[in-house]
Each structure stands twice: as structure tokens, then as C-alpha cells.
Amino acid sequence: MTKRDVMERYPKSGDNLISILHDLQDNNEWNYLSGEDLAAAADYLQLPHSFVHGVATFYTMFSLEPRGKHVIRVCQSPPCHLMGAGTISSELEKILGVGFGETTPDRLFTLEMTSCLGVCGVAPAVMINDQVYGNLNAERLAEIIDAKRREK
Amino acid sequence: MKKRLDVLICGGAACIASHSHDFKNRLIKVVKAHELEEEINIIETGCMGPCELGPVMVVYPDGAFYIRLKPEYAERIVEEHFLKGRPVEEWLWQVPEARKIVEEKRQIPFFEKQCKVVLKNCGRIDPENLNEYIGNDGYQALARGLTEMTPDAVIEAVTASGLRGRGGAGFPTGLKWKLARRAAGDIKYVVCNADEGDPGAFMDRAILEGDPHSVIEGMIIAGYAVGASQGFVYIRAEYPLAVRRLHRALEQAREAGLLGKDILESGFSFDLEIRTGAGAFVCGEETALMASVEGHRGMPRPKPPYPSEQGLWGKPTVINNVETLANLRHIVINGAEWFAAMGTAKSKGTKVFALSGNVNNTGLVEVPMGITLREIVYEVGGGIPGDKALKAVQTGGPSGGCIPAEHLDTPIDYESLAELGSIMGSGGLIVLDEDNCMVNMAKFFLEFCVEESCGQCVPCRVGLKQMHRILQWIAEGKGETKDLEQLEQMAETVKATSLCGLGQSAPNPVLSTLKYFRHEYEAHIQDKRCPALVCKDLTAYTVLADKCTGCTACARKCPVDAISGEIKQIHFIDQEICIHCGACYEACKFDAIQRR
């Protein structure tokens, strides 16, 4: 979809900015808000570009850097911490060969931290794009990453 | 035609993360293969509660409760249970006397002490089916409110019920509504705070996913009571399933004339919009939330003025938590007295708690106010894995404190928890055992607040960071005695001078752990020791000479070559080089490495 198409689903009112930024980001091939995305939102809503930039940089789910196809968010809440999120984090860094905040060279995966995903009953958990995976260990993680690699 | 068996499969986010859909799809296939679709009703419900045991399924009318289901179980369940009427015992929840429980239709201990009001429909109905909601008294309260009660009468009922805000602060809901109703102006708003950001809390997620119409109905009632015709549900973007279910529910409600213009021909019009957050914990604070709804950075502003006077776009606004709103229809249908009969003198009704951490039955529970922590942890929660000793229960998340074992018999309500130095909070209950370090926990919660601080005011932005630095020194073995005094002074200052609730409550975990577990802090500082062996820098690894066989496994694993020794000779760890990673401890097969 064009950026215009994405934005025209919303009335031209400033309070729709966050919804528009979410949709523009999801529509962007590299899962981020480019300079063009921000400018388009600012122009559509008749807001200063600096204002839009300020909003985009405040919220942690928006990225101003290109990201991979699959954004892996590792939950950092105390229940996950108690149940082994630290191990999951190290395993992911090992399997993917990148650190947190980084994207793999093949542009498939970006590793991020996130706050509580609300599935503490199956801690430790991660969210990959829209899907949540719980009760993780090194083995399950490897299976999940493999499945994502094969997914074209 | 009524079907012979009702098969309810839990579709809460945790069960879905445990691949409940794989099991459900297989079951549907097998039922079809046996041509049983006319007799067996399979539905996906919201969260049933015992999240760790998922995927879970209940079969009515016997009430057989299956846990940890795998897709390959489907064939046997259909053949033995559905066709021959014999539940497959080995896959049922194995509490003592599992079979007797099914036969006598008694309650499984996890459910026995619970009192499901808010969670009544969760796990029992298909949240995407409006008819099932209506069939369970859905929208009855709205109908009664609009046709038999004036707005003031609704506010009276809510006030008399004693309902207090379930988001954490416990402000009387009736009073909040009264203030908004009295405020000047024709345009007013109702907002549902669904930005459940407390780590370890997932009550609101379950309600939104499992019974979205109960929240919608609550909001329309609130709108009617205060005179608002527009509402917003502000929901965090980390809950995509809840967002989807809520969208569907809104569409269904509008189609049925329960939302929109002239609802049920009463003359009252009200509609709702969903707004999502974008990953900012501070947006759970009401003024930051409103800034976010308005499309701005989520920065709080000072109060007064309070939202009921000046809220969204300067108009009087009522902001209620999801659980608060979900209680409303029950109060309107059953009456204020019914609600006030549950709970304690100042804390009426029930509370939904999210049990997590070191407890057997992690998941969602709803209990009457006044129940003790001991009952929650040991009877509902099933106790601690490995029968380890309980050290403390953390309530209120990053704004709360810990309740140590000696206070387990305190009846839980808003006042009693405050007296103990904690808060009710939104409902997260994290169980900590003897192997958890309280200094580490306090540091962890503080880290969270440091990251989530919006940065506006100095006490929070700078104060919390400095407090965190002190805790880091302590955890690394670099703490000094004066650090504790400094930590306490800074905590009190940050509490007293921060602009919003985030900063004002962030020091609570530190103050609370200092109150009850000062000896742990002192061990870290004076003895350079972590009693729970959690803080890596303070855990010394040494070789036990009488157990070491000289197999060299530890030396080979050590990433910094800190271990010396020939084959078949006793090995030695150089404490100057050791980085305390614990690799040697994991590698040793002879229990010859000691951690102290």
C-alpha cells in the first residue's frame, strides 16, 4: 500500500498520529519509520516535522533504524527474569550472532528487549512480530528460529 | 438442538503461546472424522486461569479438566472420553483424588477458594460470540440502567457498593464519577486504562481477551452515569490479541444497536474508539495516558487539575481501569449490597491477581478481598515448587513492595498492604523463595523505572539513576555502609518530589526490601557475600579438595583460564582472575565446586 493509502484510513486529526505511525511502520518493508514516513505523517496531519519526530522517538515500539523481517522482543519482566530470561537472551545472541538492538546481516531478525508481555504463566517468553512464544528453553528457541528462517 | 458435550478450550494468550491451536485444530479434525460434529460443541474461550499448565481444556457436563495437552492426545480423548464417556485420567489435572473430584463434581483446589465475578465469563464463553455474552446476562445491566435508573441512581449504586479503582490507587469509583458529573461542561469523556504495564500483571489482558463485552458494557454505563457520549479504550500495543478481540466486540455491539446512536431506544448515545500505546509504561499514568490519546509524547503533568475536572482536551474525563469497569455490570444487576457483602470493611468485592514467580499454579486467580496471602500462595497457588521456603511476596509491581513470610496471615486489602509498606497495585503477585536475592529484585525493579522514566523531572530522571548506581555497586561488592543511608535519603526525596506516580512510587521496592531484608544488604556490603548466591560478582567459586578427581572438565570450560591443575591432580581456582561466571560449577560432575 502507498503511504497515502495507509494514512487516509484516519481522519486528519492530530490525535491519530500514533495509530498512523504504527500503520506506516507495519507497512514499511524494513519494519521501521523512515524519514519519508515521518514527513508523510507530518504533512498529512499538518503537524511540525519536529513534533512528529519527538513523538516517534518517545515510544519504544517505534524504530527509526531499519529492522529485520522478524522483530524478536524478549520479555524483561521479573517473572521472566526469575524463570530464565537471562539464559534466553544469551542463547538468542549466540544463535543469531547479534546483540540487542542489532539486526542480522541477512536482515531476517532484529533482537530487542521489551517490557512485560503479560504471559507470565509461561515465562520466559518472547514475542516475534505479533506472535507470543512461551515456556522457552535453548532447544525450543532453536526450533522456533529455524522455522522462521524456513518461512519465506 | 443442544449438543451432548460442551468442550471448552482455553484461548488465552499464554495457552496460545503453548500451541493450544495445534491441539484444537487436531481435535476438530478427529471429531469430524468420527462424524460427531452434531453432538460435540467445541469453543475457544478466554483465559481459564492456570496458565502454566496450558494448553487446558474443560469438558462439560462432567467438568473434566485436562492440562498440558498435545495434538497427539486428540484421538484417544475423542475415542475414550467423547464416545465412551471415560475421561482419560492420566491427562487430567492430577491433584490428590482427581477421579473423585470429577465424579463428585467438586472443585479442584485451585478454583475452590476463588470467587469469580469479573472473570465469570472468562474460560466459559466464546469471547467472539455476542450471543454467548447475552445468554449469560450480557447487556442486562445496560438495559436496566438505561430504562429503569437515572444517571444519579447509577452513581449512587456504584458509590454504595464501595467499589475502588482496581488499577492500583484504589480511589472510590463512585466519587470519581460524582466529581465528573458535577464538573461544568457538556462534553465529557470516559477512558478505559488498558495500558497494563506492571511487569508480572496480566489480569486486564485476560479480561479483554476473554470477555471484551463486559468492559464495553461497563464503559457505556459509565458514560451514561457521568454524561459522556464518547469513550476511548487505551490499550498497550504489546497485547495484539486483545486489540483484535476488542475490535470485533465493538463491531458486534454496534451492529446490535448496543453502541452508537440512541442505544436501546433510550435516547442515550455513546460510542467508543480504540487507541493503542506504543511501548511506554508511563502511559499507564492517567495524565500521560491522556497526552498519548491526544497524539503527543506521553509526558505526565502535575495534578491538580484532576482529569475529572480537566482531562482530555481540557474536558472532564473519567479514567477507569479495565477490572473496575468489568465489575460495573454485576453491581447494577445484583445490587450494591450484594457487592458490599464481599470483602472487608474498606475494601469491597473481589480482586483478580496474577500469580507468578516461584509458585506451582502460576496464572490468574480471583479472590474475595480479605483473603490471606498464605491462602493465595499455598491453597490457591499450590505452594512453592520443591517445597522451598517462601521468602517474600512482591505486590504492586515496580510501585509496590515485598511482604515477608512473617506477615503471610495478613488479610489482603488496600489498607493492610499499605500498612506493611506495599500497595495492592494492579494485581501482580510475584512469589519469591529462599533462592532469590532481595537486593537483586530491588535493583531489577529500579532498572525498569529508570528505563521507563519520561525524563521530565530531576528527582525521577537523575534520582532513580543514582539510586540504581548505588544498588549496582552493592551487588558488585563495592558497597559501603554509608551507601544504605544515602539510598534511603534519596528514596525519600524522590518519593516526595517527583512529578508523577511513576517517580513517586519507584523507590518503594528499595524501601520495602531495606525494611524487611536489611540483613541481605548488609551481607552484600560488609561480608561481600550474596546469601542467595544470585549476585554473580559476590559468589566465590572454590574447589573442594576432598571431592576433586582432577578430571580437568572445569579448567577446560573456564573462559579466562583461572583454573590450574594437572590431570588427576586437585585443581585450583585463582580468585584474582575468576569472573564468577559459574561455568566450572555447571561443568563439574563430582560436586567438587563450592559456591559461597
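Use the structure listed above.
One numbering rule holds for all chains: residues counted from 1, following each sequence as written. Going through the entries in the order they are written, you letter the chains from A and number the ligands from 1. Where local features are concerned, this predicted model is filtered to residues with pLDDT of at least 70; where side-chain atom pairs are given and counted, the filter is 80 or more; whole-chain, interface and lining totals use all residues.

A separate point is the overall build of chain B. Looking only at helices and strands, one finds 25 helices and 17 strands in chain B. Note that the radius of gyration is over C-alpha atoms, with the globule rule given as 2.2 Å times the number of residues to the power 0.38. For chain B, whose C-alpha radius of gyration is 27 Å, the value lies close to the compact-globule estimate of 25 Å for 596 residues. Dimensions of chain B, computed from the C-alpha atoms along their principal axes, are close to 90 × 65 × 40 Å. The burial label depends on the number of other C-beta atoms within 10 Å of a residue's C-beta. Counts of 20 or more mean buried, 12 or fewer mean exposed, and intermediate counts mean partly exposed, with C-beta atoms placed from the backbone. Considering chain B as a whole, with its 596 residues, one finds that 53% of them fall into the buried category. Long-range pairs, those at least 24 residues apart, make up 71% of the contacts in chain B with a sequence separation of at least 6. The helix count covers DSSP runs of H or I at least four residues long, the strand count covers runs of E at least two residues long, and both are numbered beginning at the N terminus. Note that contacts rest on C-beta atoms placed from the backbone: two residues are in contact if these are within 7 Å.

A tally of regular secondary structure across chain A gives seven helices and four strands. In sequence order, chain A lays out its α and β elements as α-α-α-α-β-α-α-β-β-β-α. Considered along the principal axes of its C-alpha atoms, chain A spans approximately 50 × 30 × 25 Å. Residues classed as buried in chain A amount to 44% of the 152 residues present.

On to the sheet that holds strand β9 (residues 350–357) of chain B, then. All names here are of chain B. Strand pairing is defined by DSSP finding a minimum of two bridges between the two strands. Strand order in the open sheet formed by five strands is β10-β9-β13-β11-β12, and the pairing between neighbours is mixed. Across the chains shown, the open sheet's two edge strands, defined by having one partner strand only, are β10 (363–368) and β12 (401–404). Averaged over all neighbouring strand pairs, the angle between strand axes comes to 30°, with direction disregarded. The pairing of strand β11 (residues 390–395) with β12 spans four bridges and is antiparallel. Across the sheet, residue Ala-392 finds its bridge partner in β12, namely Pro-404. Note on definitions: angles span 0 to 180 degrees between N-to-C directions of axes, and those axes are lines fitted to C-alpha atoms, for helices only across the stretch in contact.

Chain A puts 35 residues into the contact, and the matching count from chain B is 43 residues. Those elements that provide at least two residues to the side of chain A that touches chain B are α2 (17–27), α4 (49–58), α5 (78–82) and β4 (131–133) of chain A. Among the residues making up the side of chain A that touches chain B, the classes are represented as 19 nonpolar, 14 polar and two charged. Ten residue types, Ala, Val, Leu, Ile, Met, Phe, Trp, Tyr, Cys and Pro, are classed as nonpolar, four, Asp, Glu, Lys and Arg, as charged, and the remainder, Gly among them, as polar.

This paragraph deals with the environment of Val117(B). Residues and elements named next belong to chain B. On the secondary structure map, Val-117 appears in the loop between α5 (109–112) and α6 (130–135). With 20 C-beta atoms counted inside 10 Å, the residue Val-117 sits in the buried group. Distance from Val-117 to Glu-366, taken between C-alpha atoms, is 7.7 Å for residues 249 residues apart in sequence. Not counting residues up to four positions away in its chain, the partners in contact with Val-117 are Asn-327, His-330, Thr-350 and Glu-366.

The next thing to look at is the nonpolar core. Think of a nonpolar core as buried Ala, Val, Leu, Ile, Met, Phe, Trp, Tyr and Cys residues chained together by C-beta atoms that fall within 7 Å. Grouped together as the largest cluster of nonpolar side chains are 213 residues, with contacts concentrated most on Ala41(A), Val119(A), Ala125(A), Ile221(B), Ala222(B), Leu364(B) and Val431(B). Counting residues per element, this core draws most heavily on helix α11 (residues 212–226) of chain B, at nine residues. With sequence-adjacent residues up to four places away left out, Ile221(B) is seen in contact with Ala141(B), Leu142(B), Gly145(B), Val154(B), Leu328(B), Arg329(B) and Val332(B). Core analysis: the next-biggest nonpolar cluster, separate from the first, contains twelve residues, Cys554(B), Cys584(B), Cys588(B) and Ile593(B) among them.

Our focus in this paragraph is the sheet that holds strand β4 (residues 64–66) of chain B. Residue and element names in this part refer to chain B. In space, the four strands of this open sheet follow the order β2-β1-β3-β4, with mixed pairing throughout. Each end of this open sheet is capped by a strand with a single partner; those strands are β2 (40–45) and β4. Sheet twist, expressed as the mean angle between neighbouring strand axes with direction ignored, is 20°. The pairing of strand β1 (residues 5–10) with strand β3 (residues 57–60) spans four bridges and is classified as antiparallel. By the bridge assignment for β3, Leu-8 is matched with Val-58.

A few words on the packing of helix α6 (residues 85–96) of chain A against helix α7 (residues 138–150) of chain A. Residues and elements named next belong to chain A. Where α6 contacts α7, the two axes come as close as 10 Å, and the packing angle between them is 40°. Taken together, the axes of α6 and α7 lie oblique to each other. Considering only the axes of α6 and α7, their crossing is right-handed. The residues of α7 that touch α6, namely those facing Ile-88, Glu-91, Leu-92 and Ile-95, are Ala-138, Leu-141, Ala-142 and Ile-145. When its residues are assigned to classes, the contact of α6 with α7 shows seven nonpolar, no polar and one charged. Any angle that falls under 35 degrees is termed roughly parallel, while one over 145 is termed roughly antiparallel, one within 65 to 115 roughly perpendicular, and all others oblique. Helix crossings fall into two classes, left-handed where the near helix is turned counterclockwise from the far one by less than a right angle and right-handed where it is turned clockwise.

A word on helix α3 (residues 35–45) of chain A. All names here are of chain A. Within the sequence span of α3, burial applies to Asp-37, Leu-38, Ala-40, Ala-41, Tyr-44 and Leu-45. What you see down the axis of α3 is that its buried residues fit within an arc of 160°, all on one side. For α3, exposure combined with an orientation more than 90 degrees from the buried face picks out Gly-35 and Glu-36. Among the residues trailing α3, Gln-46 stands out with phi positive, at a value near 55°. Directions from the helix axis toward the C-beta atoms define the arc.

Attention now moves to the pairing of β10(B). All names here are of chain B. Within β10, six of the six residues are buried, which leaves it mostly tucked inside the rest of the structure. Where β9 lies against β10, six bridges are found, and the strand directions are antiparallel. By the bridge assignment, Val-352 is partnered in β10 with Glu-366. A loop of five residues connects β9 with β10, the two strands running antiparallel in sequence.

Only a minority of non-glycine residues have a phi that is not negative, and only a minority of peptide bonds are not trans. Residue and element names in this part refer to chain B. With an omega of 0°, the peptide bond running from Gly-54 to Pro-55 counts as cis. If you trace the backbone, Pro-55 turns up in the loop between β2 and β3. Between Tyr-60 and the following residue, Pro-61, the backbone shows a cis peptide bond with an omega angle of 15°. With respect to the element layout, Pro-61 can be found in the loop between β3 and β4. If you check the backbone angles, Asp-137 has positive phi at about 65° while not being a glycine. Taking the C-beta count within 10 Å as the criterion, Asp-137 has 14 such neighbours and is therefore assigned partly exposed. Of note, Leu-264 is a non-glycine position whose phi angle comes to about 50°, a positive value. Taking the C-beta count within 10 Å as the criterion, Leu-264 has 16 such neighbours and is therefore assigned partly exposed.

Residues and elements named next belong to chain A. At a closest axis distance of 10 Å, the pairing of α2 and α3 adopts a crossing angle of 145°. The handedness of the crossing between α2 and α3 is right-handed. Where α2 abuts α3, its residues Leu-17, Ile-20, Leu-21 and Leu-24 lie against Asp-37, Ala-41 and Leu-45. Classifying every residue of the contact of α2 with α3 by side-chain character gives six nonpolar, no polar and one charged.

This part is about helix α8 (residues 151–161) of chain B. Residues and elements named next belong to chain B. For α8, the full list of buried residues reads Val-154, Ile-155, Ala-157, Val-158 and Ser-161. Across the axial projection of α8, the buried residues extend over an arc of 160°, all falling on one side. Here the buried face of α8 lies against α7 (140–148), α9 (173–182), α11, α14 (322–334) and α15 (336–340). Two residues or fewer after α8 comes Gly-162, characterised by a positive phi angle close to 85°.

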